Amino acid sequence: MARVAVSAVAAITFRRPTEADHAPIVELVDEWWGGRHMRALLPRLWFRHFSGTSWIAEDDRGRLLGFVIGFISPDHPDTAYAHMIATNPNHRRLGIGRALYEQFFADALAAGARQVQAITWPGNRVSVDFHKRLGFRPDDGSGTTPIYGVPAYPDFDGDGQDRAVLIRTLPGA
Ligand SMILES: CC(C)(COP(=O)(O)OP(=O)(O)OC[C@H]1O[C@@H](n2cnc3c(N)ncnc32)[C@H](O)[C@@H]1OP(=O)(O)O)[C@@H](O)C(=O)NCCC(=O)NCCS
């Protein structure tokens, strides 16, 4: 557990998720994503098998401020993959998302990873801008094309499911 002061939030506590966190979090993800249907992307398995590379941020009363769920790629051990990150809509733009990612970057570095990847819909401007501020760059390699002004892979996740692959090199890589 770690305590970090972040701008307007007096103190944030970071801890590893447990399976007990799944039910309350899955109930609020659609709302936190502004009404998008996200809960299908967060089955309980993330809380059962990926706790050691995921984090929950809480305030001093134990209220949820945000979470990041991720893992070190089994096929590409040099890569950590952030599956989902979100912060409480009442506490945005306060540095909590950055602080969560810094916890995740530390896990990735400790595991020997050299880069972090995340995937987002290129039309999600908030996600794209947030990740850029965190040092991620959209993969603009072969097969990408600008979508909503962002290099992205058309149909990456199936028909019509375009995605930008966001990559951040870790220090020392
Ligand atoms: C994206 C999200 C996690 C950002 O969380 P946050 O706690 O507000 O982010 P922070 O306050 O730590 O901001 C970190 C940086 O991103 C920037 N940023 C955050 N929100 C932004 C926005 N809406 N537009 C532009 N930049 C933004 C901040 O300015 C900050 O930059 P700086 O530190 O260089 O000044 C949050 O808006 C969210 O949960 N959105 C819904 C879920 C989502 O889309 N998740 C990402 C895809 S998985």
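See above for the structure.
The structure contained in this document is the topic of the report that follows. Keep in mind that this is a model prediction, so the values were computed, not measured. Counting from 1, residues in each chain are numbered in the order their sequence is written. A pLDDT threshold of at least 70 governs which residues receive local features in this predicted model, and a stricter bar of 80 or more applies before side-chain atom pairs are shown or counted, although totals over entire chains, interfaces and linings include all residues. The side-chain quantities take in all heavy atoms of the structure and omit both hydrogens and water.

1. Quick word on the site of the ligand
Moving on, step 1. Near the ligand lie 19 residues; those nearest to it are Ile85, Thr87, Arg93, Gly95 and Arg98.
Moving on, step 2. Counted as a polar contact is a pair of N or O atoms within 3.5 Å, where, for protein atoms, one must be capable of donating a hydrogen and the other of accepting one, and residues adjacent in sequence contribute only when both atoms are in side chains. Backbone polar atom of Gly95 to an oxygen atom of the ligand: 2.8 Å apart, as the coordinates give it.
Moving on, step 3. In this structure, an oxygen atom belonging to the ligand sits 2.7 Å away from a main-chain N or O atom of Arg98.
Moving on, step 4. Within the complex, 82% of the 920 Å² of free accessible area of the ligand lies under protein.
Moving on, step 5. A pocket, in this scheme, is an open set of points on a 1 Å grid over the protein atoms alone with protein on both sides within 12 Å along at least 5 of 7 lines, while a cavity is a set where a 1.4 Å probe fits but cannot get out; residues line either one if an atom lies within 4 Å of a point. Placement in a cavity or pocket follows one criterion, namely that more than half of the molecule's atoms lie within 2 Å of its grid points. Of the pockets mapped on this structure, the ligand occupies the largest pocket.
Moving on, step 6. Put simply, the parts of the chain that give the shell around the ligand at least two residues each are strand S5 (79–87), helix H3 (96–110) and helix H4 (125–133).
Moving on, step 7. Helical segments are the DSSP runs of H or I of at least four residues, strand segments are the runs of E of at least two, and each set is numbered from the N terminus. Looking at the shell around the ligand element by element, the count peaks at 5 residues for H4. Only heavy atoms are used to decide nearness, and a residue is near a molecule or strand if one of them lies within 4 Å of it. Using a 1.4 Å probe, accessible areas were evaluated by the Shrake-Rupley method; residue-level cover was limited to the displayed protein chains.

2. With respect to H3
Moving on, step 1. Helix span, expected: 1.5 Å multiplied by one less than the number of residues in the helix. Between its first and last C-alpha atoms H3 spans 21 Å; for 15 residues at 1.5 Å apiece the expected length is 21 Å, and the two agree.
Moving on, step 2. Remark: Gly112 follows H3 within two positions and exhibits a positive phi of approximately 90°.

3. Details of the nonpolar core
The nonpolar side chains of a soluble globular protein tend to be buried with one another.
Moving on, step 1. If you look at the biggest cluster of nonpolar residues, it comprises 28 residues, and the most contacted ones within it are Leu100, Tyr101, Phe104, Phe105, Val116 and Phe136.
Moving on, step 2. Within the residue set of this core, elements represented by two or more residues are strand S2 (9–15), strand S3 (55–58), strand S4 (64–72), S5, H3, strand S6 (115–120), strand S9 (150–152) and strand S10 (164–169).
Moving on, step 3. Ranked by residue count, the leading element in this core is H3, at 7 residues.
Moving on, step 4. Residues belong to a common nonpolar core when they are buried Ala, Val, Leu, Ile, Met, Phe, Trp, Tyr or Cys residues joined through side-chain atoms within 4.5 Å. Exposure is judged per residue with a 1.4 Å probe applied to protein chains only, and the accessible area is read against the type maximum: over 50% gives exposed, under 20% gives buried, and values in between give partly exposed. Core analysis: the next-biggest nonpolar cluster, separate from the first, contains 18 residues, Ile25, Val29, Leu42 and Ala86 among them.

4. Things to note about the environment of Gly135
Moving on, step 1. Among the structural elements, Gly135 can be located in the loop between H4 and strand S7 (137–138).
Moving on, step 2. The exposure class assigned to Gly135 is partly exposed, which follows from its relative accessible area of 33%.
Moving on, step 3. Distance in space between the C-alpha atoms of Gly135 and Met84 is 17 Å, their sequence separation being 51 residues.
Moving on, step 4. Those residues within four positions of Gly135 in sequence are excluded, and the remaining contacts are Ile167 and Arg168. Residues count as neighbours in contact if any of their non-hydrogen atoms are within 4.5 Å of one another.

5. Things to note about unusual backbone geometry
Moving on, step 1. If you check the backbone angles, Arg93 has positive phi at about 60° while not being a glycine.
Moving on, step 2. Inspection of the secondary structure assignment puts Arg93 in the loop between S5 and H3.
Moving on, step 3. Relative accessible area serves as the criterion here: at 86%, Arg93 is assigned to the exposed category.
Moving on, step 4. Even without being a glycine, Tyr148 presents a positive backbone phi close to 55°.
Moving on, step 5. Secondary-structure assignment places Tyr148 in the loop between strand S8 (145–147) and S9.
Moving on, step 6. By relative accessible area, which is 54% here, Tyr148 ends up exposed.

6. Focus on the packing of aromatic side chains
Moving on, step 1. When the centres of two rings from Phe, Tyr and Trp lie within 6.5 Å, Trp using its six-membered ring, the rings pair. Their planes under 30 degrees apart give stacked, over 60 give edge-to-face, and anything left gives tilted. Enumeration according to the criterion identifies 12 aromatic pairs in this entry.
Moving on, step 2. Look at Trp121 and Tyr148: their rings are 5.5 Å apart centre to centre, the planes differ by 75°, and that puts the pair in the edge-to-face class. Of this pair, Trp121 sits in the loop between S6 and H4 while Tyr148 is found in the loop between S8 and S9, placing the two residues 27 residues apart along the sequence.
Moving on, step 3. Here the aromatic cluster, defined as three or more aromatic residues joined through ring pairs, consists of Tyr101, Phe104, Phe105, Phe130 and Phe136.
Moving on, step 4. In this scheme, the term charge over a ring applies when either NZ of a lysine or CZ of an arginine sits within 6 Å of the ring centre and within 35 degrees of the ring normal. A cation over a ring is seen here: Arg16 above Trp55, with NZ or CZ 3.8 Å from the ring centre.

7. Thoughts on the side chain of Asp107
Moving on, step 1. Along the chain, Asp107 turns up in helix H3.
Moving on, step 2. Among the residues examined, Asp107 registers a relative accessible area of 13% and is labelled buried.

8. A few points about the layout of surface pockets
Moving on, step 1. Grid points are joined across faces, edges and corners, and a volume is the space filled by probe spheres set on the points. For the largest pocket, the calculated volume is near 1,200 Å³.
Moving on, step 2. Around the largest pocket, the lining is made up of 40 residues, and of these Ile85, Val126, Ser127, Phe130 and His131 lie nearest the centre.
Moving on, step 3. The set of elements that each furnish at least two residues to the lining of the largest pocket consists of S5, H3, S6 and H4.
Moving on, step 4. Looking at side-chain class alone, the lining of the largest pocket contains 20 nonpolar, 11 polar and 9 charged residues. Polar here means any residue outside two lists: the nonpolar Ala, Val, Leu, Ile, Met, Phe, Trp, Tyr, Cys and Pro, and the charged Asp, Glu, Lys and Arg; Gly therefore counts as polar.

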